[in-house]
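Coordinates in review
Next come the chains, spelled out residue by residue.
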Amino acid sequence: MAKPKSASLETISNTVSSYYPDAKLELLTKAYKFAEEAHRGQLRSSGEPYMIHPAEVAQTLADLKLDMASIAVGLLHDTVEDTHATLEQIQKEFGNDIADLVDGVTKLSQITFKTSEEKQAENFRKMILAMAKDIRVILVKLADRLNNMRTLEHLSPHKQKIIAQETLDIYAPIANRLGIGWIKTELEDLCLRYLHPDIYYRLAQTVAKTKRERQKYTDDFSEVLDEKLKEYDMNAQVSGRAKHFFSIFNKMERRKVDFDQVFDTIAFRIIVDNITECYKALGVIHASYKPIPGRFKDYIAMPKANGYQSLHTTVIGPAGDRVEIQIRTQEMNQVAEGGIAAHWKYKEGRFDTRSRENVEWVNRLLEWHQDLSDPNEFLETVKIDLFAEDVFVFTPKGEVKQLAHGASPLDFAYAVHTDVGHKCVGAKVNGKIVPLKHRLKSGDTVEIVTSTTQSPSKDWLKIVRSSRAKAKIRAFIKEQERDRSRELGKAVLEKALRAYSQSLSKVEKSGELLKAVQAQGLRSPEELWAGLGYGRISVDDLIPLILPKEALERKTEAAKAEDESFLRKVLNVAKKRGESRNAITVANLDDVLVRFGRCCNPLPGDSIVGFITRGRGVTVHTATCTKAIDNDQERRVDVQWNVRENKTIKRTVKIRVLSLDEPGLLAIMSQTISGCGVNISSANIRTTKDKKAIAIFDVEVGDLSQLHKITSALEGKKGVISVERVRS
């Protein structure tokens, strides 16, 4: 595991001078002294002076060979957020460019959010939009996160897991998208250390035991490859390295095997002089060793979105092992190591402006920002795109479209144009008609069939993979729901007004309706209609705001007999007895019928959100549930766990345990769960052909912490490969 660098003004300056001799180091000195003064007296969780952190962030940015402004921001990045320094001071002392970058990496602190997840999502939105304007923002954030992860052992286990999971979900994929391979791999290994410590240290121990044997194999095979390439007069650099822990862990998870059955744990790299020799080297390798079908990828002809280029192939090595080999030029290797940072222009002292154009997904962020008003939905959309592998398909005219791995013809249709996606009824792939759920492969030629009568449905969200397609479909469906709710709300108010011998047109002309809209804190009557239609606004509360007192007294007796609040009619909120009513409190609604979403099965301790559902009360989801993301945020209501009542409530949750198929292991797992004071209500076990066992346990737990206790205990048992919570 990489250790934090011992950084100082001298080491940072020396690093900068090594690649940018003409740099004016006075800026670094000024920024260092400003930060040192601002953070004076502050300590990190480790007890060390806080200034160590910004200095090491700046050192990482210098290691990436970034410009002076970026490194200065590395020194200043926490001053506005954590000290008495202001953005105006930064602007006055260092100029607009550095002030804008510092603002881009500063979290939102003056705004109140309903949940911590909403705050985190909005902070991420702010950062990502600043990144879309200036890519250096995210480079500073990555350096910041890397140093925080390197020193994570000083925080509580709970905070360690939260930060590590966020890093694995967001920052490691961003480093991958930007092509900065060494930051991505170090972040992933650090995340594995804190999220699955038992697996991490088991891997570390196993890899350490085989180090000498692995090094000999690497040296011998590198020498053989070098000799074979020299036979064809090729001047190549050959090297081998062990794959990082997270990569091995991923293979174990994907193939459902233990470490002993992961054979391709070493990757070899061949660096040659030019592109022609890349393909020549590939021919030499394939002529010498049998290639494995389906494992060859040409990222030179079709580079990744982050500009990465290389040839990848897997062959059967001398000892019968699978060996992964990457072939690239020196320039390609620089991009592979430094990613977007390789676009840094040393002589001019600035970034190449084309660098943002070379990362297409960054440019899509602004479009999503316009389409997605909810911060959680924005975050979910970006996460989908971050994790996406790439598939390259063609239009009938030969134009290449880059899509997410597992993309369907619907994804392709939305990549062409939103209207083409909305009107898509079918597709032809390579000349053959295929269903919309067909999965595309690189090299496919796709033709879309449209109809003017077609429109998106919620089922399409289960088919598409790309974030663009999901965002467009959600936006269309939500707008339809809003239209229906506005119509319903208008009709309900019209009916309520008739009971007082009034009409909607009269109150609109009188101006009283507009006053009521403003009193509710809404922007327009349309928002009022939608609120009524969704049930978030009660017609009984609205009428007194619209009609004068004398009109209210003229209500007919027949109308009084039907005087039940619209909200109760719509929500069917008869007084609810039992678990859900006691476990959950709903803001502004008494005795409302509450149901838990089966898709995510929330547990006490999970962050939750509620959505009004006509006729079925309020449905509670976890804050990160995809169903919650798909729901219209106008239907959202605040819900909270009733902590006092939850002490006596047990909820059933499923956990999935993947293990080796060994005698007695099931008994050990059952005893482990029971030993945590938890009852197993049911268990389902099956074995696989490759000597693995999959056990699904239904366990009754009181809250999230108790579930974490179970999963940690199971992960520590020998023979257990992975443990995860199942969400149907």
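Since this is a predicted model, take the numbers as computed values, not measurements. Per-chain numbering applies: the sequence of each chain, read as written, is numbered from 1 onward. In keeping with the predicted nature of the model, local features appear solely for residues at pLDDT of at least 70, side-chain atom pairs appear and are counted solely at 80 or more, and the whole-chain, interface and lining totals rest on all residues. Excluded from the side-chain calculations are hydrogens and water; all other atoms, namely the structure's heavy atoms, are used.

1. Digging into the pattern of salt bridges
Selection rule: For this analysis, a salt bridge means a side-chain nitrogen from Lys or Arg found within 4 Å of a carboxyl oxygen belonging to Asp or Glu. Each helix is a run of DSSP H or I of at least 4 residues and each strand a run of E of at least 2, with the numbering of both proceeding from the N terminus. Think of it in three bands: residues with accessible area under 20% of the maximum for their type are buried, residues over 50% are exposed, and the middle band is partly exposed, with areas taken using a 1.4 Å probe on protein chains only.
All chains considered together, the criterion is met by 15 salt bridges. Residue Lys 184 is joined to Glu 188 by a salt bridge in which the shortest nitrogen-to-oxygen separation is 3.7 Å. One end of the pair is Lys 184 and the other is Glu 188, both in helix H11 (residues 181-195) and four residues apart, which spans about a single turn. Arg 486 is the partner of Glu 479 in a salt bridge, and the nearest nitrogen-oxygen pair spans 2.8 Å. With a relative accessible area of 35%, Glu 479 lands in the partly exposed category. Classification of Arg 486 by relative accessible area gives buried; the value is 18%. Here the residues in one salt-bridge network are Asp 67, Asp 97 and Arg 136, joined through shared partners.

2. Description of the packing of aromatic side chains
Rules: In summary, the pairing rule links any two rings of Phe, Tyr or Trp, Trp by its six-membered ring, whose centres are within 6.5 Å, and it sorts them by plane angle into stacked for under 30 degrees, edge-to-face for over 60 and tilted for everything else.
Applying the stated criterion to the full structure yields seven aromatic pairs. When the centroid spacing of 5.5 Å and the interplanar angle of 85 degrees are considered together, the rings of Phe 34 and Phe 94 count as edge-to-face. Taken as a pair, Phe 34 in helix H2 (residues 26-38) and Phe 94 in helix H6 (residues 87-94) lie far apart in primary sequence, 60 residues in all. Phe 94 matches Phe 34 in its accessibility class, with the two residues each being buried.

3. Concerning the pairing of strand E10 (residues 424-429)
Applied cut-off: For two strands to count as paired, DSSP must find a minimum of two bridges between them.
Bridge count between E10 and strand E12 (residues 446-450): five bridges; the pairing is antiparallel. Its bridge partner lying in E12, Cys 424 is registered against Thr 450. Bridging between E10 and strand E11 (residues 432-434) involves three bridges; their strand directions are antiparallel. Across the sheet, Lys 428 pairs through a bridge with Ile 433, a residue of E11. Counted along the chain from E10 to the antiparallel partner E11, the turn is two residues long, and its residue Asn 430 has a positive phi close to 55 degrees.

4. Some points on the sheet that holds E12
In sheet architecture, strand pairing relies on hydrogen bonds along the backbone and comes in two forms, parallel and antiparallel. Operational definition: All axes here are fitted lines through C-alpha atoms, helices being fitted over the stretch that makes contact, and every angle between N-to-C directions spans 0 to 180 degrees. Residue contacts follow a heavy-atom distance rule, with two residues in contact if any of their heavy atoms lie within 4.5 Å.
In spatial order, the strands read E11-E10-E12; together these three strands make up an open sheet with antiparallel pairing. Each end of this open sheet is capped by a strand with a single partner; those strands are E11 and E12. Averaged over all pairs of adjacent strands, the angle between strand axes in this sheet comes to 35 degrees, irrespective of strand direction. Relative to the sheet, helix H20 (residues 409-416) contacts E10, E11 and E12, its axis offset from that of E12 by approximately 80 degrees.

5. Re the sheet that holds strand E3 (residues 297-298)
Read across the open sheet, the five strands follow the order E1-E2-E5-E4-E3; overall the sheet is mixed. Two strands close off the open sheet at either side, each with one partner strand: strand E1 (237-242) and E3. In this structure, strand E4 (residues 311-316) lies alongside strand E5 (residues 322-329), joined through six bridges in antiparallel fashion. Note that in E5 the partner of Val 315 across the bridge is Val 323. Its contacts with the sheet put helix H16 (residues 330-338) on E1, strand E2 (266-272) and E5, and the angle it makes with E5 is roughly 110 degrees.

6. Some details on unusual backbone geometry
Although it is not a glycine, Lys 65 adopts a positive phi angle of roughly 65 degrees. On the accessibility criterion, Lys 65 (37% relative accessible area) is partly exposed. Positive phi outside glycine occurs at Asn 430, with the angle close to 55 degrees. By the element assignment, Asn 430 lies in the loop between E10 and E11.

7. Here's the deal with the confidence of the model for the protein
Note: predicted coordinates in regions of low pLDDT should not be interpreted at a detailed level. We apply this condition: Confidence of the predictor in every single residue is expressed as pLDDT, which spans 0 to 100.
On average, residues of the protein carry a pLDDT of 79, and 78% of them reach 70 or more. For the stretch residues 108-114, pLDDT sits under 50, and the model shows nine contacts to residues farther than four places along the chain or on other chains.

8. Describing the side chain of Glu 715
The test is simple: This count recognises Lys and Arg as positive and Asp and Glu as negative, with His and chain-terminal groups excluded. Between N or O atoms, a polar contact is any pair within 3.5 Å; within protein, one atom must be a potential hydrogen donor and the other a potential acceptor, and residues adjacent in sequence are included only when both atoms are from side chains.
In this structure, Glu 715 sits in helix H35 (residues 704-715). Buried charge without a salt bridge: Glu 715, with Lys 161 as the nearest opposite-charge side chain at an N-O distance of 5.7 Å. Looking at Glu 715, its side chain comes within polar contact range of the side chain of His 196, at 3.0 Å. If we ignore the near neighbours within four places in the chain, the residues touching Glu 715 are Leu 195, His 196, Asp 198, Arg 202, Val 720 and Val 723.

9. Regarding the environment of Val 637
Within the secondary structure, Val 637 is located in strand E17 (residues 636-637). Distance from Val 637 to Val 586, taken between C-alpha atoms, is 7.2 Å for residues 51 residues apart in sequence.

10. Observations concerning helix H15 (residues 275-288)
Quick note on the threshold: To estimate how far a helix should reach, multiply one less than its number of residues by 1.5 Å. Directions from the helix axis toward the C-beta atoms define the arc.
Here H15 contains 14 residues, and its C-alpha end-to-end distance of 20 Å stays within 8% of the 20 Å for a straight helix at 1.5 Å per residue. Where H15 is concerned, the buried positions are Glu 277, Cys 278, Ala 281, Leu 282, Val 284 and Ile 285. For H15, the arc enclosing every buried residue in end-on projection is 160 degrees, short of the 170-degree limit, so these residues lie on one face. Within H15, the exposed residues directed more than 90 degrees away from the buried face are Thr 276 and Ala 287.

11. A word on the nonpolar core
Threshold: We define the nonpolar core as a collection of buried residues of types Ala, Val, Leu, Ile, Met, Phe, Trp, Tyr and Cys that are connected through side-chain atoms lying within 4.5 Å of one another.
Counting residues in hydrophobic clusters, the biggest one holds 68 residues, and the most contacted among them are Val 16, Ile 71, Leu 76 and Ile 98. Among the elements that make up this core, the one with the highest residue count is helix H9 (residues 136-150) (eight residues). Sequence-distant contacts of Ile 71, defined by excluding residues within four places in its chain, comprise Ile 12, Val 16, Tyr 19, Leu 28, Ala 58, Leu 61, Ala 62 and Leu 66.

12. Some points on a negative patch on the surface
The criterion, for reference: Residues qualify for a patch when their relative accessible area is over 30% and they have no salt bridge, like charges being joined within 9 Å and the nonpolar side chains of Val, Leu, Ile, Met, Phe, Trp and Tyr within 5 Å. In this description, accessible areas are obtained by the Shrake-Rupley approach with a 1.4 Å probe, and a residue is regarded as covered only by the protein chains that are shown. In plain terms, the charge of a residue is placed at NZ if it is Lys, CZ if Arg, CG if Asp and CD if Glu.
A surface patch of like charges, here negative, comprises Asp 219, Glu 223, Glu 227 and Glu 231. With respect to the helices and strands, Asp 219 occurs in helix H13 (residues 211-230).

13. What about the pairing of E5?
With seven of eight residues buried, E5 is to be regarded as a mostly interior element. Linking two consecutive strands that pair antiparallel, namely E4 and E5, is a turn of five residues; a positive phi of about 85 degrees is found at Gly 320 within it.

14. Notes on the packing of H20 against helix H23 (residues 467-498)
Worth spelling out the cut-off: What sets the label is the angle itself: under 35 degrees gives roughly parallel, over 145 gives roughly antiparallel, 65 to 115 gives roughly perpendicular, and the rest give oblique. Asp, Glu, Lys and Arg are counted as charged, while Ala, Val, Leu, Ile, Met, Phe, Trp, Tyr, Cys and Pro are counted as nonpolar; the rest, among them Gly, fall into the polar class.
Across the interface, H20 lies against H23 with an axial gap of 9 Å and an inter-helix angle of 80 degrees. Here H23 runs roughly perpendicular to H20, going by the angle between their axes. Only Arg 468, Ala 469, Lys 472 and Ile 473 of H23 make contact with H20, whose side of the interface consists of Asp 411, Tyr 414 and Ala 415. A class-by-class count of the residues in the contact of H20 with H23 yields four nonpolar, no polar and three charged.

15. Quick look at helix H26 (residues 525-534)
Side chains that are three or four residues apart share a direction in an α-helix, a result of its 3.6 residues per turn. Counting buried positions over the ten residues of H26 gives seven, a clear majority of the element. When H26 is considered as a whole, its buried residues turn out to be Leu 528, Trp 529, Ala 530, Gly 531, Leu 532, Gly 533 and Tyr 534.

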